Amino acid sequence: MSDFQIKKSPTVYDAIVVGSGAGGGMAAYVLAHAGQKVLMLEAGQNFDPRLDSHQLKWPWESPRRGAGTVRPFGDFDASYGGWELEGEPYTQKNKSEFEWFRSRMLGGRTNHWGRISLRMGPDDFKPKDGLTDAWPITYADVKPFYDKVDRMIGIYGTAEGLENEPDGIFMKPPKPRLNELFIKKGAEKAGVKVITGRGSVLTEALPNNNDRAPCFYCGQCGRSCKVYGDFSSSSCLVNPAVKTGNLTVITDAMVREVITDKDGTAKGVSYVNRKDLQEYQVNGKLVILGASACESARILLNSKSTSHPNGLANSSGVVGKYLHDSTGASVSGFLPQLMDRKRYNEDGLGSVHIYSPWWLDNRKLNFPRGYHIEYWGGMGMPAYGFGGGVAQMNGMVPGRDGKMKEAGGYGKSLKDDYRRFYGTGVGMAGRGTAIARESNYCEIDPNTVDKYGIPVLRFNYKWDKDEILQAKHMQETFLSIMKEMGAVVTSEIQGADTNYGLLNPGKIIHEVGTIRMGDDPKKSALNKYCQAHDCKNLFVVDAGPFVQQGDKNATWTIMALSMRTAEYILAQKKKQNI
Amino acid sequence: MNRRDSLKALGLTAISTTILLDACKQPETKTEAAAPEESAKEAGREQWEIDRDKKLKAETFFTKHEMATITVLADIIIPKDDVSGSASDAKVPEFIEFIVKDIPEHQVPMRGGLKWLDVYCFNKFQKPFVEASEDQQISIVDEIAYPKKARPEMQAGVTFFNRMRNLTASGFYTTEIGVKDIGYVGNAPNQWAGVPADVLKQYGMENVKV
């Protein structure tokens, strides 16, 4: 231990960005292109989809045939990470079961996400029901940035003119698959609107961009894309920012805390290198956190000093509070009409071809807000688990001879059944608004550190009646759609004993809200530009600043807000305010 | 990169991943330094994953007798037919040997289930399962392959056979033989133009629009 030292770099960057995902990537992109000298710290290792993606591999190229043993979404999924990381624990309070997904890699969780790219609408920013706090900004404030993100990154979809599902600047959408036509018909009979999906996948060439090629329809966005046909922060933001010559990236840099001066301003960041386990300190005129809602909250809470005894940007005490993740529940089954179907390539693209935006009026319902529905099914690439349901399904419908047969079996007749049922699968899942509550939070566990000696997060999260009744409504809706499309349900029917299939918080990986913005410094950590009330040269650009999410996936809003913050920083620098 | 270049880079047909990786290497892209101790580095894999796979592959879980029983069962579940080969043609037993090491929850139920099968067979025919005649083997399988009509005292066998059937299907349909059999024709660069016209007509979906 005698040679213990902290390696301090003499360089002072214009800005230090912590995290390389959607938020950190966008901030670095904008600042580096404006000539700012930026240092990015990423806790994980380097990752470039062009070199590291498992796109177009066959199941036999994995010894576990794509099973999710080491990667939760399967062996070919892009993510270096999961809900559990070796040596990086988190703890729970009051029997909470919050699950925290982390990707330790350049680009973070944007490498493997579903690319579903929805704007939050006017009612999401300014709720009409008064149940949750309004954002300090409106849809109109964010719209120009959504527009710029659309043009810069590329998104497909269709203009629908729905008030709270604002249209974007869309590329042509993918055509629906066969099972999606059945869904469309069945859902309409059940009174559920189905429209074209919206996703950040290039269905056309992106103007003025020579680095990215259009989608070639392998349906494998989750593995990340070798031709950069979809959005990953690594391929679309960080790499181009590095090319400006203004962005330096340090990987394997696990940030410990933000260092502040005597007057309380941020002056740098300390981190531990995951490979050599040495301690480092880097200096910047600004610090921008984009480490993810929970990780950024952790860094702030761990950054205690005499001027910030409660943790940085936390004089209000709200950091860590109001944590919320989307609700999620699902139903699956099969379409007997599709048995013995003709084979052709229907991989399509790897985001959603169709979805159902929230379609009901809450005044007539027993829960607030709502959910959107995502659908799946069809002739996918076989992987571990293939055919698992066939030995039940073959007892549910008549065989080739028109007679019912006994479920189960073996031999040539079972082999025939695997062929008959292939491609008949169909399912749907809801992704809904969870209410931001002060009582759902993460905090520092005083008793536990990770393997780098950094105090870890402890979660306290409980679903409330609002979310449980929403899940109940999802189940009823899904069963009704399944019935109207003539599908047979094979998933278990969920009741009150399982909260209607409502997944644990954190499972949907849309956690937001831990470093909320607001006009009142007593009730919020950040102002409406994501600048800390207590520390003018500190900004947060991930999903931490969200006051209340809608049922929309967070990524597009993270990027729009990050771009807005980065432009605000440039403007303030010009005025010499920071 | 425009679409033509990217498809060229990907190789239009018969893609092998090594070709793909080489073709996609851009001169300006930094590759991981090939330090000697990292020679086993595989693109897109964390070192701990590579090390773990190596370790699992070096271990042996099933005994010769257990493997022989698994092979007989797998070929009863998926035999050769007019379309494709059998489970053992597709090396399903080798897959099962790997997967129980990869997912250890399979180990006790598989080992115990195989033992249950041998004991049951021995009591009935005075032979372990692999030494019983084909008819005798099938008569036992018939007692455990249909969960709803199986006698209650056969439940342990039913549970084991369900697992064995699932692992066999997983192992078979994820091989070249199995993928060809099932008729999956994707995993290749293409242009998705929607459901083919004859299929739309077959299901009366010509007028359904999203």
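Quick notes on the rules
Residues numbered from 1 in each chain as written. Chains lettered and ligands numbered in written order. Predicted model: local features only at pLDDT ≥ 70, side-chain atom pairs only at ≥ 80, totals over all residues. Helix = DSSP H or I, 4+ residues; strand = E, 2+ residues; numbered from the N terminus. Rg over C-alpha atoms; globule rule 2.2 N^0.38 Å. Contact = placed C-beta atoms within 7 Å. Buried ≥ 20, exposed ≤ 12 C-beta atoms within 10 Å, placed from the backbone. Nonpolar A, V, L, I, M, F, W, Y, C, P; charged D, E, K, R; others polar. Axes fitted to C-alpha atoms, helices over the stretch in contact; angles between N-to-C directions. Parallel < 35°, antiparallel > 145°, perpendicular 65-115°, else oblique. Left-handed = near helix turned anticlockwise from the far one by under 90°. pLDDT = per-residue confidence, 0-100. Pairing = 2+ DSSP bridges.

### A few points about the overall build of chain A
From N to C terminus, chain A includes 11 helices and 21 strands. For 578 residues, the compact-globule estimate of 2.2 N^0.38 gives 25 Å, and the C-alpha radius of gyration of chain A, at 24 Å, lies within 12% of that figure. Principal axes of the C-alpha set define a box for chain A whose edges measure 85 × 50 × 50 Å. Contacts in chain A between residues far apart in sequence, at least 24 positions, make up 74% of those at least 6 positions apart.

### Notes on the environment of Met 120 of chain A
All names here are of chain A. Inspection of the secondary structure assignment puts Met 120 in the loop between strand E6 (102–103) and helix H3 (122–125). Given 25 C-beta atoms within a 10 Å radius, Met 120 is considered buried. Put simply, Met 120 and Cys 442 are 322 residues apart on the chain and 25 Å apart in space, counted from C-alpha to C-alpha. Other than its neighbours up to four places away in sequence, Met 120 contacts Phe 125, Gly 550, Lys 552 and Thr 557.

### Topic: the interface of chain A and chain B
With 74 residues of chain A in contact, the opposing surface of chain B contributes 64 residues. Within the residue set of the side of chain A that touches chain B, elements represented by two or more residues are helix H2 (49–52), helix H5 (178–189), strand E7 (195–196) and helix H9 (411–421) of chain A. Counting residues per element, the side of chain A that touches chain B draws most heavily on H9 of chain A, which supplies 6 residues. Split into classes, the residues belonging to the side of chain A that touches chain B amount to 36 nonpolar, 16 polar and 22 charged.

### Thoughts on the packing of helix H6 (residues 107–125) of chain B against helix H8 (residues 155–173) of chain B
All names here are of chain B. Where H6 meets H8, the axes come as close as 9 Å, and the angle between the chain directions of the two elements is 125°. Judged by the angle between their axes, H6 and H8 are oblique. Both H6 and H8 take part in a crossing whose hand is left-handed. Of the residues in H8, those in contact with Pro 109, Met 110, Gly 113, Trp 116, Leu 117 and Tyr 120 of H6 are Ala 156, Gly 157, Phe 160, Arg 163 and Met 164. The residue inventory of the contact of H6 with H8, partitioned by class, reads 8 nonpolar, 2 polar and 1 charged.

### Let's talk about the confidence of the model for chain B
Residue and element names in this part refer to chain B. Mean pLDDT over chain B works out to 87, with 81% of the residues at or above the 70 mark. Predicted confidence for residues 7–39 stays below pLDDT 50, and this span has 31 contacts to residues more than four positions away or in other chains. Taken over the whole predicted complex, pTM reads 0.94, whereas the ipTM for its chain interfaces reads 0.95.

### Topic: the packing of helix H1 (residues 22–33) of chain A against helix H11 (residues 555–574) of chain A
Residue and element names in this part refer to chain A. Between H1 and H11, whose axes approach to 8 Å, the crossing angle comes to 35°. The element H1 and its partner H11 pack so that their crossing is right-handed. Mapping the contact onto sequence places Ala 22, Gly 23, Met 26, Ala 27, Val 30 and Leu 31 in H1 and Thr 555, Ile 558, Met 559, Ser 562, Met 563, Thr 565, Ala 566, Glu 567 and Ile 569 in H11. Of the residues that constitute the contact of H1 with H11, the class distribution is 10 nonpolar, 4 polar and 1 charged.

### Thoughts on the sheet that holds strand E5 (residues 91–92) of chain A
All names here are of chain A. Spatial strand order, E5-E18-E17: 3 strands in an open sheet with mixed pairing. Only two strands of the sheet have a single neighbouring strand rather than two, namely E5 and strand E17 (441–449). Sheet analysis places E17 next to strand E18 (residues 455–460), joined by 5 bridges and oriented antiparallel. From the neighbouring strand, Tyr 441 faces E18, where its bridge partner is Asn 460. Across the sheet, helix H7 (residues 293–302) touches E17 and E18, and the angle it forms with E17 is around 60°.

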